[in-house]
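What the coordinates show
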Protein chains: 4
Amino acid sequence: MDRPVGIAVVGAGYWGPNLIRNFSAARNTRLSWVCDVDAERARQSVAAWGDVQTTSDLGEALEDPAVEAVAIATPAASHADLALQVIDAGRHILIEKPLARTMEEGRAIVEAARARDLVVMVDHTFCYTAPVRMIREVVQSGELGELLFFDSVRINLGLIQHDIDVFWDLAPHDLSILDFILPPQARPVQVAAHAADPLGVGHACVGYLTVHLANGAIAHVHVNWLSPTKIRTTIIGGTRRMVVWDDLHPSQKISVHDTGVALNDELVGESRRETLVSYRIGDIVAPALPTTEALRLVVEEFADAIRGNRPALTDGEAGLRVLAMLAAVEQSLRNGGAMVSVEDMLGNVT
Amino acid sequence: MDRPVGIAVVGAGYWGPNLIRNFSAARNTRLSWVCDVDAERARQSVAAWGDVQTTSDLGEALEDPAVEAVAIATPAASHADLALQVIDAGRHILIEKPLARTMEEGRAIVEAARARDLVVMVDHTFCYTAPVRMIREVVQSGELGELLFFDSVRINLGLIQHDIDVFWDLAPHDLSILDFILPPQARPVQVAAHAADPLGVGHACVGYLTVHLANGAIAHVHVNWLSPTKIRTTIIGGTRRMVVWDDLHPSQKISVHDTGVALNDELVGESRRETLVSYRIGDIVAPALPTTEALRLVVEEFADAIRGNRPALTDGEAGLRVLAMLAAVEQSLRNGGAMVSVEDMLGNVT
Amino acid sequence: MDRPVGIAVVGAGYWGPNLIRNFSAARNTRLSWVCDVDAERARQSVAAWGDVQTTSDLGEALEDPAVEAVAIATPAASHADLALQVIDAGRHILIEKPLARTMEEGRAIVEAARARDLVVMVDHTFCYTAPVRMIREVVQSGELGELLFFDSVRINLGLIQHDIDVFWDLAPHDLSILDFILPPQARPVQVAAHAADPLGVGHACVGYLTVHLANGAIAHVHVNWLSPTKIRTTIIGGTRRMVVWDDLHPSQKISVHDTGVALNDELVGESRRETLVSYRIGDIVAPALPTTEALRLVVEEFADAIRGNRPALTDGEAGLRVLAMLAAVEQSLRNGGAMVSVEDMLGNVT
Amino acid sequence: MDRPVGIAVVGAGYWGPNLIRNFSAARNTRLSWVCDVDAERARQSVAAWGDVQTTSDLGEALEDPAVEAVAIATPAASHADLALQVIDAGRHILIEKPLARTMEEGRAIVEAARARDLVVMVDHTFCYTAPVRMIREVVQSGELGELLFFDSVRINLGLIQHDIDVFWDLAPHDLSILDFILPPQARPVQVAAHAADPLGVGHACVGYLTVHLANGAIAHVHVNWLSPTKIRTTIIGGTRRMVVWDDLHPSQKISVHDTGVALNDELVGESRRETLVSYRIGDIVAPALPTTEALRLVVEEFADAIRGNRPALTDGEAGLRVLAMLAAVEQSLRNGGAMVSVEDMLGNVT
C-alpha cells in the first residue's frame, strides 16, 4: 500500500471539522496541520485527533515538506487566493464547493494547477453518497437507456442567507450531481432561470432552473427556502429504466423502476393516436445501499488521485462546469429568464 | 325555489355522460336534450335518465323552448362554432375547458355572449373540488397573509396525446386553479415555459412553466407524461399560513401549516445575517373536507348564475385568462423560453 | 377448450351482482339463472347480461339441466340449507365466505358433497388477488426460508355490524389468507383471542387473535372497527426473505425484502451476546403485479375444478379450516383468552 | 430559585453519559460524582464536564455531603442492591427502567425509600417526550372522551438480546407510556401474553401482550425483533377524539383526530342495524411539539420533586406498576397465555 498523503486543512469552521475527522481516519491520508485565522479554533478542532499541528498562517504549514496536499474549507470568496498560494507552493488541492465565486477565479485555479501538474479536486460531497453513485452506475452503464429528463426538488423552510441567493446556497448540490451522472451525449447546452424574492430580502428565495441537454433531454431544479414541507426528491427518466431518489425516505431512498417507454415509429395513420408511445411497467427495486460516509470516500479519492497521478472523479473541470451553470443562472436572471449558453460560459477552458 | 333550468348537452363521448348524470340529478336543472353526431351514442347516454330527447342535430334541440342553456362537451376545436350557434339562438352556455383553441375564438365567444347578456361558464371542474375551494378560502380571506409562491407538480406515466402537448393536456388544471385562488394583487403578469420532447413525438412531453405575479410572487407548474411515479402536489406559501395539497393522499389531502415568515426590517448591521427573516412554526391542520362531487357543484353554479342573472364563478373571463396563459406558454416555447406578457395576450378584452 | 359450465347464482344482494358480472364474462362459464327471494331484484341484476333467466325459487333453476353448478351469495345463516339442497340435486357449489355459521353446518356441507363427488369451493376472494398469490409463491417455493411470523392488521372506522362481531366481519379475510399461504409444516395448532366492547354494542369491536403454528412460528391478527386511521398491512417474516404487504399503498403493495436472519449455533461462550443471531439485509423488490380482477379468477378456478374433476384451490376443507379458527376464537373469548386446539375443533373431518 | 441538587451518577456505560450530560446542563442540578466499576471509563465520561469527581466505589461518593441524590444507570440486575445502599445512606434515587428484575426487589426499594421519606423516581424517559406529554394531556383533560383502546406497535430488525426477551427489551417503553397516560377509571386489570421463539434463541423474539382495563377498554402491544420494516406507531381511540402517534414520521408525529363515536341507545328495532353506532369525523390537527430533550425534563423533574418534597411524576409506584405488568407477562407466558391479575401481582403495595 502507498504511503499516506500528508494533509493540511485550512478552515476549522462549519465544514472543516468533518474534513479533519475524515482525514484523520482515512486509510490513505495523514493529517499534519490545521490552519485557521482563529488559532484557538484551530487548536480545539484537533483535540481529539492526536499529533496534528495548528497555525493561523497557511505559509507555516506549507513550509512543512510533510504536507503534500491542502484541503480548503473556507468561504468561497477566499478560495481563489488560498488555492493559488497552495498551488504556487506545489501542493495538490481539495476545495469545498463551489470551486470559486466567478468563472475567472475558477479558471485561474484550474489552469495554475494544470501548469504544475497538480491534482485539483472539488468536494462535491453528494457525488460520493450511495444513492448518487448508484444513479451514476444505472445511467452510465446504459441500464437506464436514453436519458429523458432529470428533475430535482430541494425545498425546505431554510435559513435565508444574507450574502448569497437560494441558487448559490442549494443548487450546487443538484448541479454537481447532474454533472456527475450525465453521459457525454447529454451534456448541458443552455440554462435558463426564474426566481422570486417575495419578502424583499434582496435576492432570490424561490428559484427554478432549466438545463437543456445536448440529446434533447431536459434537467430542472427547484430550490426554495420558503416551503413549509421538506422535499428532497430527484427523478431521472430513461427509455429503459427510471429512478426515483427520495433522500428523506427512512428505508427506501432509491427506487429503480424497470419501466420503459418507446416511440412506435412504424405505426402511423388511423391508429397512430393510441400507439404513439408504448410503455412497459415492471418491478421496482430498492437496492440495499452501503453506509460508508460520503466524505470518507471524498478524502480517499483525493489521496488515490494524487498517488495515481490521475484526475479526481470530481476534478477542477467538474468544478468549472458546475460554476458555469451557476454563472449562467445569474446571467439568465439578469436577462429576464433568457437562455444562456453553457459553452460560452465555459469559454475555451475545457 | 326557482324553476329548474332546461338543459341540452352536446357531446356524449368521454365527459358528456358525467354532465348528463349531474344535470339529471341536480336540484336546479332539468335535462331535456342530448345531441351527438353519433345518434346511437346519444340514445345510449340517456338510457338511465328517463325522459330525455336525443338528436344528432343541435339545431333541433335549439328549436325547443324548454332548452334555456346548453353544455358543450366536444373537442376544443369545435367549441367556437358550436358556442356561437348556441349564443346566436339566445341560450346560456357551459363549455368544457379549455374555452377554445385560440385567444381569437375565445374572445369571439365571450363578446357574443356579452352582447346578448348571456351566461358563459367554463367547466373548470377542479375549482369546485373541496381542496381547491378550501385553498381559495384560505388565500382570499387573508388567512394566508401575502402570497409568496404557488408550486404545482402534476406528473405521471400518462397517455401521450397525439394532437396536443403536455401543457394543453395537463396545465389547464393548474392554471384554472391558479386563476381561481389568486387575490387581485397577485394577478399573472408574465409567463415563460421550457419543455422537452426527448422521444421525438412531435411536441412537449415534459414541461415547466413559470408565471410571475404582480405582487412579486411566483407560480410554477411541472407537467410530465414520462414520470415513473405519480405526483399531484401543490404547495402555496404565504407570510402567515402555508398550504400543502397532496391530491393522492388517502386521508389528508389538505394540510394547512400555521407557519409564518417575516422580514425583520428593523434589524440591520452586524447581526443582520442571523435575523434577516424570522419564522413561526405552528400546528398543522388537516380539515375534514365535504365529499360532494365537484361536477354537481359546477352544474348547480351554472343554473344559479342563470337564474341570478350574474356571472358564474368560473365565467368566460376566467376561461380567457387561462387561455391567455396557455397561449403565452406556446409563444414562450417558440421564442426560446422568453417571457411573454399575459396582459398583451389578453389584449383589450378584460 | 371445454364446454362452459352452466351456472345459477343464488342471491342478488350485495355480493351477488359481482358474481353475476364475472360469471357472465368468464371464459369457461355460462350464467343461466339468477335466484333471489326478491324476484324483481333478480330481474334487475341481469338486465345488462343478456339471456339469463330469473326466479325466486331455487328449485326451478335446479330443474334446468343446463345448470351444472350453483353459487351461493346469501347471508351465512342460510348457507347450510341452500348448499345441501344444491348438493342433493347433484350440482357443484361455490359458497361465499364464511362457509357456514358453525362447524357442524360446515361439516355437513363438505361431507354431503364428498359423498356425491361434487366440487365445493369457498369464495375466499382475497386468495385470488395478485398480492396474496405472490406471497403464497414466495412462501411455498421456499424462497422465504422458514416462516417466522405472520402479522396482519385490518383496522378502520368501520360499519359496526348488528349481528356479528369484528372477528366474524373482518378476520375471515386474514385467516383465509393465512390458510392459503402456510406451508404444511406450519399448520395452525392453537388459537387464542382477546377483545373489547368498550361502547357496549353487545360484541367485540376491537379484537386480537393469536395462532400458534406447528413449526414454532406465530400468526397474529388485529381487527378493529374503531380505528381513526385505516391500516391494512400484513408482514410475513422468514429466515431468508420477508414480505410487507401494504394493501393501501397506491403503487407498491408488495415489498419483498431480501433480508435473512440466522441463529449462530456454533458461537457460544464469551462472545455469544453479540453473535446470537446474524442478519443479512439486501435489496427490496416491489414486483409488478397483474391487474386481473380476483373474482374473475375465482369463477374460472371454480369451472376449472369442475371440468378437471379436482378440488378447487380454496375447497371445502379450506373453508372448514378457516371456520375452525373462527370457532376457536369464539371459544377462547368465552374462556378468558384460553388457548383452543384447532385440531379438536376440526374433529375428524380432515 | 432553589439551590441545585448535588448528584452522583452510578454507571458510565450506555445510558450514563446521557445522564451525565443532562445533569451537567440542567438548571437545578449539580453533578458532583460519577462512579463506575471501570475507573477509567468514569474519568473519560466527565472529561467535557469540568469539575466532577470520579470513583469506582459508590461508598466514596456517598461520604460526600454534597451528594443529595444518586442516579443509577447500571444493568437491572444490580438495581436493588445499589438502590438499597443509596437509600440506606439517606439519598434520593433515580433508577433506569425497569425499576428492578422482580416484584420483590422493586417492592423492597419502594418501601425502603418510603420509610426514609426519600424520593424514588424511575427514568421512564418516553413519558417526558413531547408526543407522550401531549397524549397524556388529551386523555386526562377529558378531551379524548372515554378511552376505547390503546394499540402500540414497536417492531424492527433489532438486536436480539442474550439475557432478556423481547418483552423486557421493548415493552417497558409501551407499558410505562400506558401507565403514564391512563385515567384512573381505566387502570390495568388483567394481562395476557403470547410469544414465539421461531429461531430457537431461548426466549421470545416476537411478542403480543394484551391488557384489559377497568373501564372495559383494551390495551395491546406488539413487540418484535424480526420485522423487516420498522414501525413505532401507537393509536389511542376515544369516544370524542382519537390520537395517532407515528414516532418515525419526519414532520407529523402526533395527529389528533377530531373523530367521535357514540352508541345510539335510543334507536332499536328494525332500523337498529344501521344506527347501532354513529360516527363524527372532523379535522385532524398535528400540533407543533416542543423540542426539549426528554432526558432534560427527567432530571429537572427529579430535582423539583426533591426540592418540593413530593413524589416524582414517574415515581416508584409507577415503576412497580410497570414491573407488575412485565411480571404478569412472564407468568402468562408460562401458563399458556392465561390472563393474570395485575392487582394480585402488585399485592398489597399500592
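The numbers attached to residues start from 1 for each chain and follow its sequence in the written order. Lettering for chains starts from A, numbering for ligands starts from 1, and both go in the order in which the items are written. Totals for whole chains, interfaces and linings use every residue, but because this is a predicted model, local features are given only for residues with pLDDT of at least 70 and side-chain atom pairs only at 80 or more, for both listing and counting. Neither water nor hydrogens contribute to the side-chain values; these are computed over all heavy atoms in the structure.

1. Topic: the interface of chain B and chain A
Working rule for contacts: check all heavy atoms of both residues, and any pair within 4.5 Å makes them a contact. On the chain A side, the residues contacting the 53 residues of chain B number 53 residues. Put simply, buried area is how much 1.4 Å-probe accessible surface two parts lose in total, over both of them, once they are put together. Counting the surface lost from both chain B and chain A, the interface buries some 4500 Å², and carbon and sulfur atoms represent 70% of this. Here, a salt bridge means any side-chain nitrogen of Lys or Arg that lies within 4 Å of a carboxyl oxygen of Asp or Glu. Applying the counting criterion to the chain B and chain A interface returns zero salt bridges. Throughout this description, a polar contact denotes any pair of N or O atoms lying within 3.5 Å of each other; where both atoms belong to protein, one of them has to be capable of donating a hydrogen while the other can accept it, and for residues adjacent in sequence the pair is counted only when both atoms sit in side chains. Where chain B meets chain A, there are nine residue pairs in polar contact (both at pLDDT 80 or more). Grouping the amino acids of the side of chain B that touches chain A by side-chain chemistry returns 30 nonpolar, 18 polar and five charged. As a working rule, the residues Ala, Val, Leu, Ile, Met, Phe, Trp, Tyr, Cys and Pro are called nonpolar, Asp, Glu, Lys and Arg charged, and the rest polar, with Gly in that last group.

2. Topic: the sheet that holds strand β3 (residues 53–55) of chain A
Residues and elements named next belong to chain A. We call two strands paired when DSSP finds no fewer than two bridges between them. Secondary structure is summarised from DSSP: a helix means a run of H or I of at least four residues, a strand means a run of E of at least two, and numbering begins at the N terminus for each. If you trace the six strands from one edge of the open sheet to the other, you get β3-β2-β1-β4-β5-β6, paired in parallel fashion. Strands with a single pairing partner mark the edges of an open sheet, and in this sheet they are β3 and β6 (120–123). Pairs of neighbouring strands in the sheet enclose a mean axial angle of 25°, with direction left out of account. In this sheet, strand β2 (residues 29–35) lies alongside strand β1 (residues 5–10) in parallel orientation, the contact comprising six bridges. Along β2, the bridge assignment pairs Ala-8 with Trp-33. Fitted lines through C-alpha atoms serve as axes, helices being fitted only where they are in contact, and the angles separating the N-to-C directions of these axes extend from 0 to 180 degrees.

3. Observations concerning the interface of chain B and chain D
On the chain D side, the residues contacting the 10 residues of chain B number 10 residues. A buried area of about 730 Å², summed over both sides, lies between chain B and chain D, and 48% of it is on carbon and sulfur atoms. Area buried by chain B at its contact with chain D is led by Asp-283, Ile-284 and Ala-288 of chain B, which between them contribute 51% of it. Viewed at the interface, chain D and chain B are joined by zero salt bridges. Here the side of chain B that touches chain D is composed, by residue class, of six nonpolar, three polar and one charged. Inspection of the sheet shows strand β14 (residues 277–286) of chain B paired to strand β14 (residues 277–286) of chain D by three bridges, in the antiparallel sense. Across the sheet, residue Ala-286 of chain B finds its bridge partner in β14 of chain D, namely Ile-284 of chain D.

4. Digging into the relation of the copies chain B and chain A
Residues reaching a pLDDT of at least 70 in both copies supply the C-alpha atoms on which the copies are superposed by least squares. When chain B is brought onto chain A, the operation consists of a screw motion whose angular component is 180° and whose axial shift is 0.0 Å, with 0.0 Å RMSD remaining. Both copies are brought into coincidence by an operation consistent with a two-fold rotation axis. Of the C-alpha atoms belonging to chain B, the one lying closest to the rotation axis is found on Ala-338 of chain B, 2.9 Å away. Interface overlap between copies: 100% of the residues of chain B at the interface are likewise at the interface in chain A, consistent with a symmetric, same-surface contact.

5. A closer look at the packing of helix α7 (residues 166–181) of chain D against helix α10 (residues 316–334) of chain D
Residues and elements named next belong to chain D. Running from N to C, α7 and α10 cross one another at 130°; their axes reach a closest spacing of 9 Å. One way to sum up the angle between α7 and α10 is to call them oblique. Crossing of α7 over α10 shows right-handed handedness. On α10, the residues touching Phe-167, Trp-168, Ala-171, Pro-172, Leu-175, Ser-176, Leu-178 and Asp-179 of α7 are Ala-318, Arg-321, Val-322, Leu-323, Met-325, Leu-326, Val-329, Glu-330 and Leu-333. Looking at side-chain class alone, the contact of α7 with α10 contains 13 nonpolar, one polar and three charged residues. Note on terminology: angles under 35 degrees are roughly parallel, angles over 145 are roughly antiparallel, angles of 65 to 115 are roughly perpendicular, and the others are oblique. In this scheme the handedness of a crossing depends on how the near helix is turned from the far one: anticlockwise by less than a right angle means left-handed, clockwise means right-handed.

6. Some words on the sheet that holds strand β2 (residues 29–35) of chain D
All names here are of chain D. If you trace the six strands from one edge of the open sheet to the other, you get β3-β2-β1-β4-β5-β6, paired in parallel fashion. The two strands at the open ends of the sheet, each matched to only one other strand, are β3 (53–55) and β6 (120–123). Across the sheet, the mean angle from the axis of one strand to that of its neighbour is 25°, orientation sign disregarded. Relative to strand β4 (residues 69–72), strand β1 (residues 5–10) is paired through four bridges, and the arrangement is parallel. The residue of β4 that forms the bridge with Val-10 is Ile-72. Contacts between helix α1 (residues 16–25) and the sheet are confined to β1, β2, β4, β5 (92–96) and β6, with β2 contributing the most and set at about 150° to the helix.

7. Details of the arrangement of the chains
Separated throughout, chain B and chain C approach each other most closely at a C-alpha pair spaced 8 Å apart. Considering only C-alpha positions, the minimal separation of the non-contacting chain A and chain D is 8 Å.

8. Side note on the pattern of salt bridges
Going through the model one piece at a time under the given rule, you end up with 68 salt bridges over all chains. Here Arg-307 of chain C makes a salt bridge to Glu-68 of chain C, at a shortest N to O gap of 3.1 Å. With Arg-307 of chain C in helix α9 (residues 294–308) and Glu-68 of chain C in the loop between α3 (58–62) and β4 (69–72), this residue pair connects regions lying 239 residues apart in the sequence. What emerges from the salt-bridge pattern is a single network uniting Glu-143, Arg-241, Asp-258 and Arg-280 of chain A.

9. Examining the confidence of the model for chain A
Should the pLDDT be low somewhere, the predicted coordinates at that spot are not to be read in detail. What pLDDT reports is the predictor's confidence in each residue, on a scale of 0 through 100. Residues at a pLDDT of 70 or more form 96% of chain A, whose mean pLDDT is 93. With a pTM of 0.93, the predicted complex shows an ipTM of 0.93.

10. Considering α9 of chain C
Residue and element names in this part refer to chain C. The span expected for a helix works out to 1.5 Å for each residue beyond the first. Taking 1.5 Å per residue, 15 residues should reach 21 Å; α9 reaches 21 Å between its end C-alpha atoms and fits that length. Buried within α9 we find Ala-294, Leu-295, Val-298, Val-299, Glu-300, Glu-301, Phe-302, Ala-303, Ala-305 and Ile-306. Against the buried residues of α9 lie β1 (5–10), α1 (16–25), β2 (29–35), β4, β5 (92–96) and β6 (120–123). Positive backbone phi, approximately 55°, marks Asn-309, located one or two places after α9. Only protein chains enter the accessibility calculation, which uses a 1.4 Å probe. A residue is then buried if its area is under 20% of the maximum for its type, exposed if over 50%, and partly exposed in between.

11. Remarks on the relation of the copies chain B and chain D
Its rotation angle being 180°, the transformation that places chain B on chain D also includes 0.0 Å of axial translation and leaves an RMSD of 0.0 Å. Looking at chain B, 100% of its interface residues are interface residues in chain D too, so the copies touch through the same face.

12. Observations concerning helix α5 (residues 103–116) of chain B
Residues and elements named next belong to chain B. Counted at 1.5 Å a residue, the expected span for α5 with its 14 residues is 20 Å, and the 20 Å between its end C-alpha atoms agrees. Where α5 is concerned, the buried positions are Met-103, Gly-106, Arg-107, Ile-109, Val-110 and Ala-113. The arc that holds every buried residue of α5, seen down its axis, measures 160°, which confines them to one face. Every exposed residue of α5 that faces more than 90 degrees away from the buried side is listed here: Glu-104 and Ala-115. As for α5, its buried residues are in contact with α4 (79–88), β5 (92–96), β6 (120–123), α10 (316–334) and α11 (342–346). In this description, the arc belongs to the directions extending from the helix axis to the C-beta atoms.

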